[in-house]
Amino acid sequence: MFQYDLVVVGSGPAGRRGAIQAAKLGKKVLVVEQGKRVGGVSVHTGTIPSKTLRETALNLSGWRERGFYGRAYRVKDEISADDLRRRLLITLDHEVEVLEHQFARNRVQHIRGKASFVDPSTLEVVKEDGEVIKVTAASILLAVGTKPFRPDYMPFDGKTVLDSDELLELEELPRSMVVIGAGVIGIEYATIFSALDTAVTVIDPKPTMLDFIDKEIVEDFTYQLRDRNMKILLGTKADKVERLDNGKVELLLDNGRRLVTDMVLFAAGRMGATDTLNLPAAGLEADSRGRLKVNPETFQTSVPNIYAAGDVVGFPSLASTSMEQGRIAARVAIGAVAKEPPKYFPYGIYAVPEISTCGLTEEEMKERGIPYECGIARFRETSRGHIMGLDTGLLKLIFSLKTRRLLGVHIVGEGATELVHIGQAVLNLKGTVEYFVENTFNYPTLAEAYKIAGLDAWNRMGDIKSEL
Ligand SMILES: Cc1cc2nc3c(=O)[nH]c(=O)nc-3n(C[C@H](O)[C@H](O)[C@H](O)COP(=O)(O)OP(=O)(O)OC[C@H]3O[C@@H](n4cnc5c(N)ncnc54)[C@H](O)[C@@H]3O)c2cc1C
Ligand SMILES: NC(=O)c1ccc[n+]([C@@H]2O[C@H](COP(=O)([O-])OP(=O)(O)OC[C@H]3O[C@@H](n4cnc5c(N)ncnc54)[C@H](O)[C@@H]3O)[C@@H](O)[C@H]2O)c1
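Just so we're clear, the structure is a prediction, and the values are computed from it rather than from any experiment.

Asks: What's the story with the site of ligand 2 in this structure? I'm lost.
Replies: In the vicinity of ligand 2 there are 22 residues, among which Gly181, Gly183, Ile185, Ala268 and Ser317 approach most closely. Put simply, the parts of the chain that give the shell around ligand 2 at least two residues each are helix H6 (184-195) and strand E17 (347-349). Sorting elements by how many residues they give to the shell around ligand 2 places H6 first, with four residues. Each residue belonging to the shell around ligand 2 can be placed in one class, and the counts come to eleven nonpolar, six polar and five charged. Inspection of the shell around ligand 2 shows a minimum of three residues originating in each of domain 1 (4-147 + 271-334) and domain 2 (161-268).

Asks: Teacher, can you tell me more about the environment of isoleucine 355 here?
Replies: By the secondary structure assignment, isoleucine 355 is in strand E18 (residues 355-359). What isoleucine 355 contacts, discounting residues up to four positions off in sequence, is Ile213, Ile217, Phe221, Ile349, Ile411, Val412 and Ala416.

Asks: In this structure, what is going on with helix H13 (residues 448-461)? I would like to understand it.
Replies: Residues spaced three or four apart along an α-helix face the same direction, because each turn holds 3.6 residues. In a regular helix each residue adds 1.5 Å, so 14 residues correspond to 20 Å; H13 covers 20 Å between its end C-alpha atoms and thus fits that length. For H13, the full list of buried residues reads Glu448, Ala449, Tyr450, Lys451, Ala453, Gly454, Asp456, Ala457 and Trp458. Against the buried residues of H13 lie strand E19 (372-378), helix H10 (383-388), strand E20 (394-400), helix H11 (416-428) and helix H12 (433-438).

Asks: Looking at this model, I keep getting lost on the nonpolar core. Mind explaining?
Replies: Soluble, globular proteins show a tendency: their nonpolar side chains are buried together. In this structure, Val179, Ile180, Tyr189, Val264, Leu265 and Ile355 are the most contacted members of the largest nonpolar core, which totals 77 residues. Top contributing element to this core by residue count: H6, with eight residues. With sequence-adjacent residues up to four places away left out, isoleucine 180 is seen in contact with Ile203, Ala238, Val264, Phe266, Ala267 and Ala268. One finds Val29, Val144, Ala308 and Val312 within the second-largest nonpolar core, a separate group that totals 44 residues.

Asks: Help me out: how do you make sense of the packing of helix H3 (residues 47-61) against H6 in this one?
Replies: A pair of packed helices is characterised by two quantities: the angle between their axes and the separation of those axes. Packing of H3 against H6 leaves a shortest axis separation of 9 Å and a crossing angle of 20 degrees. Judged by the inter-axis angle, H3 sits roughly parallel to H6. Two packed elements cross with a definite hand, and for H3 against H6 that hand is left-handed. Facing Ser50, Leu53, Arg54, Ala57, Leu58 and Ser61 of H3, the residues of H6 in contact are Glu188, Tyr189, Ile192 and Ala195. Across the contact of H3 with H6, the residue classes tally to six nonpolar, two polar and two charged.

Asks: Looking at this structure, I do not really get the UniProt feature "domain: Pyridine nucleotide-disulphide oxidoreductase dimerisation" (unreviewed entry) in the protein. What am I missing?
Replies: Per the UniProt record, the feature "domain: Pyridine nucleotide-disulphide oxidoreductase dimerisation" (unreviewed entry) sits at residues 346-451. Between the C-alpha atoms that bound residues 346-451 the distance is 20 Å, and the span itself is 33% helix and 27% strand.

Asks: I tried to follow the sheet that holds strand E8 (residues 176-180) on my own but got confused; where do I start?
Replies: Neighbouring strands of a sheet are bound in pairs by backbone hydrogen bonds; such pairs are parallel or else antiparallel. In space, the five strands of this open sheet follow the order E7-E14-E8-E9-E10, with parallel pairing throughout. Strands with a single pairing partner mark the edges of an open sheet, and in this sheet they are strand E7 (161-162) and strand E10 (231-234). One ladder, built from five bridges, connects E8 with strand E9 (residues 199-204); its direction is parallel. Each residue of the ladder has a partner; that of isoleucine 180, found in E9, is isoleucine 203. Packing of H6 onto the sheet brings it into contact with E8, E9 and strand E14 (263-266), and relative to E9 it is tilted by some 165 degrees.

Asks: Explain the site of ligand 1 here, please?
Replies: By nearness alone, 39 residues border ligand 1, and Gly10, Gly12, Gly40, Gly145 and Gly310 come closest of all. Those elements that provide at least two residues to the shell around ligand 1 are helix H1 (13-24), strand E2 (29-33), helix H2 (40-44), H3, strand E3 (109-119) and helix H8 (319-333). For the shell around ligand 1, a count of residues per class yields 15 nonpolar, 20 polar and four charged.

Asks: Help me out: how do you make sense of the sheet that holds strand E21 (residues 406-412) in this one?
Replies: Read across the sheet, five strands follow the order E17-E18-E21-E20-E19 without closing on themselves; strand pairing throughout is antiparallel. The sheet is open, and its two borders are formed by E17 and E19, each paired with just one other strand. For this sheet, the mean angle separating the axes of adjacent strands, direction not counted, is 10 degrees. Judged from the seven bridges that link them, E19 and E20 form a sheet pairing that is antiparallel. Each bridged residue has a counterpart across the sheet, and for cysteine 374 the counterpart in E20 is isoleucine 398.

What counts as what
- Residues numbered from 1 in each chain as written.
- Chains lettered and ligands numbered in written order.
- Predicted model: local features only at pLDDT ≥ 70, side-chain atom pairs only at ≥ 80, totals over all residues.
- Near = placed C-beta within 6 Å.
- Helix = DSSP H or I, 4+ residues; strand = E, 2+ residues; numbered from the N terminus.
- Nonpolar A, V, L, I, M, F, W, Y, C, P; charged D, E, K, R; others polar.
- Domains from an automatic or database assignment.
- Contact = placed C-beta atoms within 7 Å.
- Expected span 1.5 Å × (residues − 1).
- Buried ≥ 20, exposed ≤ 12 C-beta atoms within 10 Å, placed from the backbone.
- Core = buried A, V, L, I, M, F, W, Y, C linked by C-beta atoms within 7 Å.
- Axes fitted to C-alpha atoms, helices over the stretch in contact; angles between N-to-C directions.
- Parallel < 35°, antiparallel > 145°, perpendicular 65-115°, else oblique.
- Left-handed = near helix turned anticlockwise from the far one by under 90°.
- UniProt positions renumbered as here; feature names shortened; annotations may be inferred.
- Pairing = 2+ DSSP bridges.

Structure (C-alpha cells):
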C-alpha cells in the first residue's frame, strides 16, 4: 500500500510545480527537501539571489542614469556587501513565504531531510535530527537540481576563491576579480560586479562565448563590456591558481600571462545533485556530470515509476523551463494528459546589459538553408530610449523570406528579458512581418523597436503578402 501518490525530491522550480500540479488533481503529495528552507537553488543560491543582486547593484550604482549624467554618476558612493545582502534577505523571505503558502493551500506536505532510494518505490529520508523515516510512493519525481562544479585543483576557501553559491556570503566587495568560465553564470556576475566598479577579467578555454546566442548580439554585447574596461580573455585557461601571502590570488595562464586579483569566481558549470540518491537501488544511473536521462516528452526515466525534471536532466537548465518540465512530469506520473510545450522558449541572460532571445539565430538560419531577411532597431532610435538616456540596445528580428514568418528575436539592452515576450508570442503564433508593420504600438515605449525592426526588414522584403 503506497503512502503517497507522488513523492517529489527537491523543492526548486521543477519540484514545486510538479507537486502543486499533482495536488491540484487531488493526489496525495509529499515534497522532501534537504535545504533549510523550501525553494531550491532558484530561490536560495541561483536565479532570485543573482537577479536581486543585479537590481540592487543597478539601483545603488545609478547605472541606468549614467547615459544622462555621465559614467562618474553614482547614487551611493560607497556600496558595501551589506547593502547588497540586505535586499537579498527581504526578497528571499518573500519568495519562501509565497511558496510555503502555496504548499499549504494545496495540501502539499513537505518534510526537511535528505532522500535516497531503498528500492524504486521507497525512499529513506534522513531528517536533520538524525531520525530516519521511509516513504513509499506510486511515483517519484526527482527534481534534485545541480550544485557548482568544484574541481580538486581549485584552491577554494570561500573568501578569495569561491563558487557562485559562496559569492552570496561575501563580506567585502572586491576591487578586482577574475571570473573563470564565460558561461551564463560567469558573465552575469562578471558584469554585475563591473557595474559596481570592480575591475573584472573573464577567462574561458573556449575561443568564443555564449555560443547559443546570435553572433551579432554577442558581438554588440562584448563591445559594450570591453568599452567599459572589462577584460575578456577567451581561448585561454589558468594552469595555476594560488593564494598569495598578501591575501591576493595569482593566476598563471597557459598563454604566459600572470593575473593578480582580490578574488576568483569559479563558474565553470554545474553537476547534477544525484550523488547521494543511491541511484543503483532504484536501477538508475547518472552520467559523468551527475545528470539523468529521461524521455524528453514525458520526463520518465528508464524506471517506469520514476521521473526526473529540471536541471538534473540537463539543457536548458532554466528555472522557467524546469517549472514546465516538473508540471508535465507530474501530470504524466499521475496519468493526466500532458501537452508538450512550444518548441521555442525565451532565454534570458541577466547580465548588464541584458540579453534575451527566442527562436532561431542567424547562424541557425544559414545552417538550415532557410532564405531570410533581418530587421534591426537600435533603442536610441526610439523616443523612449531618448527619455531613458539609452545610447545602447539592439533588437534584431529574423524573418523567413518564403513564409514571411518571424523565426527569431534577439535583443541586447535594457528590458530585453521583458521585451522578448512580444517576439515570442508572434513567433509561436506563427505571425509574419506584417504583424509589426500593421499594428500600432504604444508610444513612447522600447517596444516600438519592434515596429522599427519590422519596417526595416519589410522595406527590403517588399510588401507582397504570403499565401499562408
Ligand atoms: C547563479 C545562478 C543564476 C541563475 N539565473 C537564472 C535565471 O535568471 N533564470 C532562469 O530561468 N534560471 C536561472 N538559473 C537556473 C535555475 O536556478 C535552475 O534552472 C533551477 O533552479 C532548477 O530548478 P530545479 O527544480 O531543477 O532544481 P533546484 O532549484 O536546483 O532545486 C533542487 C532542490 O533539491 C534539493 N535536493 C537535492 N538533493 C536532494 C535530496 N537527496 N534530498 C532532498 N532534497 C534534495 C536541493 O536542496 C534543492 O533545494 C540560475 C542558476 C544559477 C546557479
Ligand atoms: N539567466 C539564466 O537563465 C541563467 C543564469 C545563470 C545560470 N543559468 C543556468 O545555469 C547553468 C550553469 O551555468 P554555468 O555558467 O555554470 O555553466 P555553462 O556550462 O553555461 O558555462 C560554463 C563555462 O565554463 C567554461 N569551462 C568549463 N570547464 C572549465 C574549466 N575547467 N576551466 C575553465 N573554464 C571552464 C566553459 O567553456 C563554459 O563557457 C547553465 O546551463 C544556465 O542555463 C541560467
